Amino acid sequence: QGASEGLGPTKTTYNDDILNCWTGIGTQLDGLGHIGVGDRYYNGNKWQDFANISGLKKLSADKVPPFVTRGVLLDMAAHYGVDVVKEGTAFNKAEIEAVAKKQGVEIRQGDVVIFHTGWLSLIEKDPKRFGSVEPGLGREGARYLVSKNVVAVGADTWGMDPIPFEKDAGIFEVHQILLTMNGTYILENVNTAELAKDKVYEFMFVLGQNKYQGSVQSMINPVAIR
C-alpha cells in the first residue's frame, strides 16, 4: 500500500523526527559542566568523577532551573558607532559602565546581561569569519559582572570570549571565570538585533528548563518581554 493510503480505517498518516547532532548549536546555554580548569570543574568537581560517555552525572544543562528575571541589553555596536563590532574587541569594566550609563540602565543582582555586537549578522554572509573570530567579554569585564551577582551573561556571538584572545589570556579564560569559578551561565548566539533596533535595554527574560538529561550545552529559545 502507498503511504498516502494511511493506516487503519481512518487512513492515519504522520511525520516524525530523529535528532542526531551537537546540542551546542544555534542559540544555546552553556551548562556548568562545559568548561574546567584542568580536571576541576565548578564547585571542585573532578572531571573523571562526573563526565561519562552517556552524559554528565553532575553539572548538566538539564539541572539549570527556569529563568524568569530581569534582562539587560548592552548595545556595544551603538557604543562603537558600527554595525558589527570588530573581532578581538574586549568589553571590560570601563566599556560596560559607559554603555550602561549612556542607556540609563543599572546592572543588578540576578540579572541576565546580554551584549549586542552585530556579529550574528555575519553568520550567512561571511560564515568563515563568523565562526573563527569574534568580539566579546574581557576577563576584567567578566569579573566585574560576577561582582554584580548576575545569573547569566549572553551575546550574539558563538563563544563569548573575544577572539583573538586578550593579551596574556588563557584559552577561553572568560568561560573559566564565569562557569568554572563562579557558576555564572553563558548564553551564545542570542538574536539581539530586534532588541537593539527598538532600543529595548531592560526587559523580562524568560527561559524554560532544558530537558536533555546529562547534556553539556543545549539549544534554547529565550524570550524577551517588554
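Residues numbered from 1 in each chain as written. Predicted model: local features only at pLDDT ≥ 70, side-chain atom pairs only at ≥ 80, totals over all residues. Heavy atoms only, no water.

**A look at helix 6 (residues 139-147)**
For the α-helix, the turn length of 3.6 residues means that residues three or four positions removed from each other point alike.
Move 1: Residues Arg139, Gly141, Ala142, Tyr144, Leu145 and Val146 constitute the buried set of helix 6.
Move 2: The inward-facing, buried residues of helix 6 abut strand 3 (90-91), helix 3 (93-103), strand 4 (112-116), strand 5 (136-137), strand 6 (152-155) and helix 7 (173-182).
Move 3: Asparagine 149 sits one or two residues past helix 6 and shows a positive phi near 60 degrees. (Buried < 20%, exposed > 50% of the residue type's maximum accessible area, 1.4 Å probe, protein only. Helix = DSSP H or I, 4+ residues; strand = E, 2+ residues; numbered from the N terminus. Contact = heavy atoms within 4.5 Å.)

**Details of the layout of surface pockets**
Move 1: One number sums up the size of the largest pocket: a volume of about 280 Å³.
Move 2: Forming the boundary of the largest pocket are 15 residues, of which Asn191, Leu195, Pro222, Val223 and Ala224 lie nearest the centre.
Move 3: At the level of elements, helix 8 (193-197), strand 8 (202-207) and strand 10 (223-225) are the ones that each hand at least two residues to the lining of the largest pocket.
Move 4: Looking at the lining of the largest pocket residue by residue, the classes come out as nine nonpolar, three polar and three charged. (1 Å grid on protein atoms, 1.4 Å probe; cavity = no way out; pocket = protein on both sides within 12 Å on 5 of 7 lines; lining within 4 Å. Points joined across faces, edges and corners; volume = space filled by probe spheres on them. Nonpolar A, V, L, I, M, F, W, Y, C, P; charged D, E, K, R; others polar.)

**So, unusual backbone geometry**
Move 1: Looking along the chain, the bond that leaves isoleucine 163 and enters proline 164 is cis, with omega of 5 degrees.
Move 2: Position of proline 164 relative to the elements: it lies in the loop between strand 6 and helix 7.
Move 3: Positive phi outside glycine occurs at leucine 59, with the angle close to 60 degrees.
Move 4: Relative to the assigned elements, leucine 59 resides in the loop between helix 1 (47-50) and strand 2 (67-75).

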